[in-house]
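Close look at the chain arrangement
These are the residues of each chain, in order.
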Amino acid sequence: MEATCGAASQLSTFLIGSKSIGGKQNVAVVPLNQRGSKDCKRKICCLPRKNLCTRQRRFDLALPHSCCQAQAITILESGNFYASFNEDWLLKNKAKEVGSRLKGRSIFLLGMMGSGKTTVGRILSEALGYSFVDSDAYVEQTMGGTSVAQIFEQRGESFFRDEESAVLRKLSLVPRQVVATGGGVVVRPINWKFMRQGITVFLDVPLDALARRIAAVGTDSRPLLHFDSGDPYTKVAINSIKISKPPH
Ligand SMILES: Nc1ncnc2c1ncn2[C@@H]1O[C@H](COP(=O)(O)OP(=O)(O)O)[C@@H](O)[C@H]1O
Ligand SMILES: O=C(O)C1=C[C@@H](OP(=O)(O)O)[C@@H](O)[C@H](O)C1
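The structure displayed is predicted, hence computed values, not measured ones.

For the rest of this paragraph, the subject is the nonpolar core. Core analysis: the biggest nonpolar cluster contains 31 residues, and Leu110 and Met195 have the highest contact counts within it. Secondary structure elements with two or more residues in this core: strand E4 (107–110), helix H6 (148–155), helix H7 (157–171), helix H8 (189–195), helix H9 (207–217) and helix H10 (232–244). In this structure, Leu128, Tyr130, Val178 and Val201 belong to the second largest nonpolar core, which totals 14 residues.

One pass over the full model with this rule turns up one aromatic pair. Judged by centre distance (4.9 Å) and plane angle (45°), the ring pair of phenylalanine 152 and phenylalanine 160 falls under tilted. There is no split in this pair, since phenylalanine 152 and phenylalanine 160 are both buried. Across from the ring centre of phenylalanine 159, 4.1 Å away, lies the NZ or CZ of arginine 155, which sits over that ring.

We now examine the site of ligand 2. Looking at ligand 2, there are 14 residues lining it, with Lys117, Asp136, Gly183, Gly184 and Arg222 nearest. Between ligand 2 and glycine 183, the relevant distance is 2.8 Å, taken from an oxygen atom to a main-chain nitrogen or oxygen of the residue. Arginine 222 places a side-chain nitrogen or oxygen 2.7 Å from an oxygen atom of ligand 2. Relative to its unbound accessible surface of 390 Å², ligand 2 loses 95% to contact with the protein. Among the elements that make up the shell around ligand 2, the one with the highest residue count is H7 (three residues). In terms of residue class, the shell around ligand 2 is built from five nonpolar, four polar and five charged.

Procedures and definitions
Residues numbered from 1 in each chain as written. Chains lettered and ligands numbered in written order. Predicted model: local features only at pLDDT ≥ 70, side-chain atom pairs only at ≥ 80, totals over all residues. Heavy atoms only, no water. Core = buried A, V, L, I, M, F, W, Y, C linked by side-chain atoms within 4.5 Å. Buried < 20%, exposed > 50% of the residue type's maximum accessible area, 1.4 Å probe, protein only. Helix = DSSP H or I, 4+ residues; strand = E, 2+ residues; numbered from the N terminus. Phe/Tyr/Trp six-rings, centres within 6.5 Å; stacked < 30°, edge-to-face > 60°. Lys NZ or Arg CZ within 6 Å of the ring centre and 35° of its normal. Near = heavy atom within 4 Å. Polar contact = N/O pair within 3.5 Å; in protein donor to acceptor, adjacent residues only side chain to side chain. Areas by Shrake-Rupley, 256 points an atom, 1.4 Å probe, with all protein chains shown as cover. Nonpolar A, V, L, I, M, F, W, Y, C, P; charged D, E, K, R; others polar.

The structure is reproduced here in structure tokens:
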């Protein structure tokens, strides 16, 4: 991993309710799957207010109280995606609400491995009438179908990051897309320049939920978790710490 490791205590600063990801401020944050939270005005999404080019101004798309009472958003927690109907519905409705304000600007979804960038990205793109692009899949395509795991194994992470940045540069020029990025995209400062041509949204998912999901699907497509020791929680936590550290 290119980013250096830091103390575990730094994790919460970056991931829990924070708007600072990879050392960058003003990333829209979407807390998902926080079962048991008492905050009924939980934000589902924060985007810049009015002029979406103005990064300092924000508005919160708070869930209606009635939705929270029905515990709609907590339904997704559990790793049981079959129970996701309500969150799917909420996401689509929020997309309709903000769609016209986006004015065609693309959305870049950020988040840890397993945070749901691909899952949410597909739903969001459909609701917005945008195209959906998975940046990992795009890199694989440019490499003639070589999988991300193979690229890591054969060429190393740095090579993958170069390819990823090249892909993001291209994507940053295209409007009306929802882009699911790779979990480690934040470690290269240049990537922020590309992604901020659109709107960056961080999917904020607690570590235990991430670990459960990764454990359920395995680490085959996630080479950064291909180290021997540790249960899924430990692996996800270690990786989170690495990419949460601001780049030098
Ligand atoms: N909100 C959610 N609640 C429960 N499981 C989810 C949720 N979003 C995604 N998942 C599951 O977690 C796994 C990883 O999701 P994925 O969208 O591939 O994440 P990412 O693209 O961020 O790595 C998949 O098995 C997916 O079905
Ligand atoms: O750190 C990254 O950039 C990567 C994260 C993973 O993607 P997801 O975040 O989509 O799981 C996986 O494809 C690969 O390890 C590369």
